[in-house]
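These are the residues of each chain, in order.
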Amino acid sequence: MIARCVCGSVEFEATGAPINCVACYCDDCQEGARQIEALPNAPLVRDPDGGTAYVLYRKDRVRCSRGTELLKNCKIRPKSDTNRVVATCCNSAMLLSFDDSKHWVDLYRSRIQGEVAPVQMRICTKFAPEGSKIPNDVPVYPGFSVRFIGKLLRARIAMLLGR
Ligand SMILES: [Zn+2]
Ligand SMILES: [Zn+2]
């Protein structure tokens, strides 16, 4: 699986099956998207309903295969553990990574080339912009869902077991 910035200078490779594919509507994802979308010529980060779609992979299965030197970590708050990694060549949002021990990264689904995993759930929808029409094609959760956390835990256990 390849995630590529709009101009093609930055590329990430992911191997194996993703942990999950979610659209998140939380305040941080909206604010992060707003900040990145405000950069010159930046492609849209959010979907029209205010959600941002991510494909989650174990972090040991994702690597930057091109353009590492063009990456910049953006933080909404200076002390936040969450980095929104932007390709500075064309201001494409590439992924979320974490300074703490989280074991996964969230690739922005819009950057993934070719066949993309469909969104499996929509989370934190209680924070969605007022009046936004959230599709109910997949399960919708007002906060974080137990299923979402369960999938992350299973991936962590598989990593600990060396699978
Ligand atoms: Zn680029
Ligand atoms: Zn979010």
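Bear in mind that the values here come from a model prediction, so they are computed numbers and not experimental data. Per chain, residues are indexed from 1 in the order of the written sequence. To read the labels, note that chains go from A and ligands from 1, taken in the order they are written. Per-residue local features of the predicted model are confined to residues with pLDDT of at least 70, and side-chain atom pairs are confined, for both listing and counting, to 80 or more; whole-chain, interface and lining totals are unaffected and use all residues.

**Here we look at the overall build of the chain**
Rules: Under the DSSP-based scheme used, a helix requires at least four consecutive residues in state H or I and a strand at least two consecutive residues in state E, with every element numbered from the N terminus. Within these notes, the globule rule equals 2.2 Å times the number of residues to the 0.38 power, and the radius of gyration is based on C-alpha atoms. Here a residue counts as buried when 20 or more other C-beta atoms fall within 10 Å of its C-beta, as exposed when 12 or fewer do, and as partly exposed in between; the C-beta atoms come from the backbone. Whether two residues are in contact is decided by their C-beta atoms, placed from the backbone, lying within 7 Å.
A tally of helices and strands in the chain yields two helices and 10 strands. Seen in sequence order, the chain has helices and strands lined up from the N terminus as β-β-β-α-β-β-β-β-β-β-β-α. Its C-alpha atoms give the chain a radius of gyration of 15 Å, within 12% of the compact-globule value 15 Å for 163 residues. Seen along its three principal axes, the alpha-carbon backbone of the chain occupies a region of about 45 × 35 × 35 Å. Here the chain, with 163 residues, has 35% of them falling under the buried criterion. Of the contacts made within the chain by residues no fewer than 6 positions apart, 65% connect residues no fewer than 24 positions apart.

**Points about the sheet that holds strand E2 (residues 11-14)**
Keep this limit in mind: What makes two strands pair is DSSP finding at least two bridges between them. What counts as an axis is a line fitted to C-alpha atoms, over the stretch in contact for a helix, and the angles between N-to-C directions run from 0 to 180 degrees.
Spatial ordering of the open sheet is given by E1-E2-E5, a layout of three strands whose pairing is antiparallel. A strand with exactly one partner marks an edge of an open sheet, and here the two such strands are strand E1 (2-4) and strand E5 (62-66). Direction aside, neighbouring strands of the sheet carry axes that sit 25° apart on average. Pairing of E1 with E2, which is carried by three bridges, proceeds in the antiparallel orientation. Bridge assignment links Arg4 to a residue of E2, and that residue is Glu11.

**Quick notes on unusual backbone geometry**
One non-glycine residue, Asn91, lies in positive phi territory at about 60°. Position of Asn91 relative to the elements: it lies in the loop between strand E7 (82-87) and strand E8 (92-98). At Cys124, a position not held by glycine, the phi torsion is positive, near 55°. One can find Cys124 in the loop between strand E10 (121-123) and helix H2 (146-160).

**Considering the sheet that holds strand E4 (residues 52-58)**
A sheet is described by the order of its strands in space; here seven strands give the open sequence E6-E7-E8-E9-E4-E3-E10, paired in mixed fashion. With partners counted over all chains shown, the strands left at the sheet margins are strand E6 (71-74) and E10, one partner each. Within the sheet, the average angular offset between the axes of one strand and its neighbour, ignoring direction, is 30°. The pairing of strand E3 (residues 20-24) with E10 spans three bridges and is classified as parallel. Its bridge partner being in E10, Cys24 is matched across the sheet by Ile123. Across the sheet, helix H1 (residues 27-37) is in contact with E3, E4, E6, E7 and E8; its angle to E7 comes to roughly 25°.

**Concerning the nonpolar core**
What counts, and what does not: Here a nonpolar core is just a set of buried residues of the types Ala, Val, Leu, Ile, Met, Phe, Trp, Tyr and Cys, joined wherever their C-beta atoms sit within 7 Å.
Of all hydrophobic cores here, the largest spans 39 residues; its most connected members are Val22, Cys24, Tyr54, Tyr57, Met94, Leu95 and Leu107. Those elements that place two or more of their residues in this core are E2, E3, H1, E4, E7, E8, strand E9 (104-108) and H2. For this core, the element with the most residues is E4, which contributes five residues. With residues near it in sequence (within four places) discarded, Val22 still touches Tyr54, Leu56, Val119, Gln120, Met121, Ile123 and Phe148.

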